[in-house]
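A structural walkthrough
The lines below spell out each chain.
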Amino acid sequence: MEIIQVVGLGIISTILILIIKEQKPMFAFLIAASTSILIFLFLMGKIGAVINELERMAESAGVQMIYLKTILKIIGIAYIAEFGSQIVRDAGQESIASKIELAGKVLIMVLAIPIIGIIIETVMKLLPA
């Protein structure tokens, strides 16, 4: 049922944007950005529920929370970078959108270094000397 609300909001916003775009392109962009933010805020509660469930599962499996939190940060960076780059792309700024995506990738790599180190360490322990 919630997807119907999101799709409805998207369709209504799109119709408004198409009507307004010729006369006031800035207002059209503001409607697009506002709609994107509203959809993102709508999803925040759902994302919180998923994170809580993943934390519960990690605890019951005995996984150290530092690894889960790092992976969740990586996923968060990916979503936020994608979201930001799409809004900037909607405004017609392709080069800035590309830089946002690059920044997201670099930050993901920085956060992934400890996890990659642990994976390499584990593999090295499994290999015969």
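Above this text you will find the structure in question.
Residues numbered from 1 in each chain as written. Predicted model: local features only at pLDDT ≥ 70, side-chain atom pairs only at ≥ 80, totals over all residues. Heavy atoms only, no water.

**Concerning the layout of surface pockets**
The condition is simple: Here a cavity means grid points, on a 1 Å grid over the protein atoms only, where a 1.4 Å probe fits yet cannot get out; a pocket means an open set of points with protein on both sides within 12 Å along at least five of seven lines; lining residues are those with an atom within 4 Å of a point. Grid points are joined across faces, edges and corners, and a volume is the space filled by probe spheres set on the points. Runs of E in the DSSP output that reach at least two residues are strands. Runs of H or I that reach at least four are helices, and both are numbered from the N terminus. Residue ranges assigned to each domain were obtained from an automatic or database domain assignment. Polar here means any residue outside two lists: the nonpolar Ala, Val, Leu, Ile, Met, Phe, Trp, Tyr, Cys and Pro, and the charged Asp, Glu, Lys and Arg; Gly therefore counts as polar.
By volume, the largest pocket amounts to about 520 Å³. Taken together, 19 residues form the lining of the largest pocket, with F40, I47, I75, Y79 and I80 sitting closest to its centre. Elements with a contribution of two residues or more to the lining of the largest pocket: α2 (25–61) and α3 (65–90). For the lining of the largest pocket, the element with the highest residue contribution is α3, accounting for 10 residues. Here the lining of the largest pocket spans two domains, since at least three of its residues come from each of domain 1 (1–59) and domain 2 (64–129). When its volume is computed, the second largest pocket comes out at roughly 150 Å³. The wall of the second largest pocket is formed by T14, I17, L18, K21, P25, A28, F29, A32 and D90. Listed by contribution, the elements that provide at least two residues to the lining of the second largest pocket are α1 (2–20) and α2. A class-by-class count of the residues in the lining of the second largest pocket yields 6 nonpolar, 1 polar and 2 charged.

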